[in-house]
Amino acid sequence: MSSSGADKVDWQALERLRLAFLKGTAGDRDYWDHPSTLASYDATFAQRIGWKWDFVLAELARRGWQPPRTELVDWGCGTGIATRAFLDHFGVDAVESVRLIDRSPQAQRYAAQRVASRFPGMPVHQGRGEAVASMILLSHVLTELQPAQVDALLEEIAGASAVLWVEPGTYEASLALIAIRERLRSQFHVIAPCPHAERCGILAPGNESHWCHHFASPPPEVFMDPFWGRFAKMLEIDLRSLPVSYLVLDRNPAPALAPELVRTLGRPRLLKAEVRLMACTAAGVTERAFSRRTYPSVWKDARKDRIPSLWKVPDAE
Ligand SMILES: C[S@@+](CC[C@H](N)C(=O)[O-])C[C@H]1O[C@@H](n2cnc3c(N)ncnc32)[C@H](O)[C@@H]1O
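Worth saying up front: this structure is predicted, and the values here are computed from it rather than measured.

Caption draft 1: Looking closely at the packing of helix H3 (residues 45-63) against helix H4 (residues 81-90). Relative orientation of the contacting elements H3 and H4 amounts to 40°, with a least axis distance of 9 Å. Put simply, H3 runs oblique to H4. For H3 against H4, the interelement crossing comes out right-handed. Of the residues in H4, those touching H3 at Ala-46, Ile-49, Gly-50, Trp-53, Asp-54 and Leu-57 are Ile-81, Ala-82, Ala-85, Phe-86 and His-89. Its residues assigned to classes, the contact of H3 with H4 comprises 8 nonpolar, 2 polar and 1 charged.

Here's what the structure looks like:
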């Protein structure tokens, strides 16, 4: 939304949502009380979530993954930003139809309108349907679910063709996703972010303080836009920081990964004489150090935040 649309945003509703998300009370009841709450969320929080999806979908493209062509289900759809990001990325021909599921019928309706107006001709259904081997998107739902609801959800998605799950890059959300990965990895191929299908290395003794998270980038114009400036100020949100945890599973394997590739976790730590970064491989999650003297370009790339998420460790220069 541009600065001219800022007066249409219900800032008080956004503040209420933010507090509920922060306090962990958003799961207690349906908070989509008015269409303007959905529209305000869609113009702000959902856009930021969309940038996280753009990051994840770009990683999947780099990974050579293609979605199975089937029904696309957006579970806990809210305003349907995950579906829109997915269809923007893969195109309408990548799916047969869209199904939007949310405990809030009002959210389902809003999301359906947004998807239908952006992708005319796409069959869009609301609410649960027949069990089919769908491709399931889940976005920022875990913090609103009790453990028993997560169990029920995992049963619900057990027959899926593929699962794309994006959550905030917090310690708690990452550990919850890792626990889900451990429960599902014998039934699916693990496509991303893991470069392997073994037990998650974060769970190894000694790694208790670490978590699997990555950073998406907002479009650069956001930093010049008065609307986003106002959003950042009113809701006390750092626009630069978009931490994300995610998990992609598929019944079918993706193209094999070159064995020398490592997944970098979090941000590299830039010290005067070296860069330290957490790296994930089948051998585990370890911190690796690259001295500035031996790896000057690694140090420079880390300073400019240009170390790729999936990375081949360069030779010493
Ligand atoms: C933080 S919002 C995220 C919405 C959307 N997926 C996104 O990424 O913008 C969480 C969504 O989960 C929905 N939700 C919460 N509990 C649910 C449940 N038990 N079943 C279905 N949807 C649920 C909420 O109504 C809300 O739309």
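Caption draft 2: Local environment of the sheet that holds strand E9 (residues 261-270). Spatially, E11-E10-E9-E12 is the arrangement adopted by the 4 strands of the open sheet, whose pairing is antiparallel. Looking at strand neighbours, the two that pair on one side only are strand E11 (284-291) and strand E12 (310-312), the edges of this open sheet. On average, adjacent strands in this sheet sit at an angle of 45° to one another, irrespective of strand direction. Bridging between E9 and strand E10 (residues 274-281) involves 5 bridges; their strand directions are antiparallel. Directly across from Arg-269, in E10, lies its bridge partner Arg-276.

Caption draft 3: Summary view of the environment of Glu-144. Counting through the fold element by element, Glu-144 comes out in the loop between strand E4 (135-139) and helix H6 (147-156). A residue is classified by how many C-beta atoms lie within 10 Å of it, and Glu-144, with 17 of them, is partly exposed. Here the alpha-carbon distance between Glu-144 and Phe-21, two residues 123 residues apart in the chain, equals 8.4 Å. The residues touching Glu-144, leaving out its near neighbours within four places in the chain, are Ala-26 and Gly-27.

Caption draft 4: Quick look at the site of the ligand. Around the ligand there are 19 residues in total, and Gly-76, Gly-78, Arg-103, Ser-139 and Glu-144 lie nearest to it. Secondary-structure elements contributing two or more residues to the shell around the ligand are H3 and H4. Looking at side-chain class alone, the shell around the ligand contains 8 nonpolar, 7 polar and 4 charged residues.

Conventions and cut-offs
Residues numbered from 1 in each chain as written. Predicted model: local features only at pLDDT ≥ 70, side-chain atom pairs only at ≥ 80, totals over all residues. Axes fitted to C-alpha atoms, helices over the stretch in contact; angles between N-to-C directions. Helix = DSSP H or I, 4+ residues; strand = E, 2+ residues; numbered from the N terminus. Parallel < 35°, antiparallel > 145°, perpendicular 65-115°, else oblique. Left-handed = near helix turned anticlockwise from the far one by under 90°. Contact = placed C-beta atoms within 7 Å. Nonpolar A, V, L, I, M, F, W, Y, C, P; charged D, E, K, R; others polar. Pairing = 2+ DSSP bridges. Buried ≥ 20, exposed ≤ 12 C-beta atoms within 10 Å, placed from the backbone. Near = placed C-beta within 6 Å.

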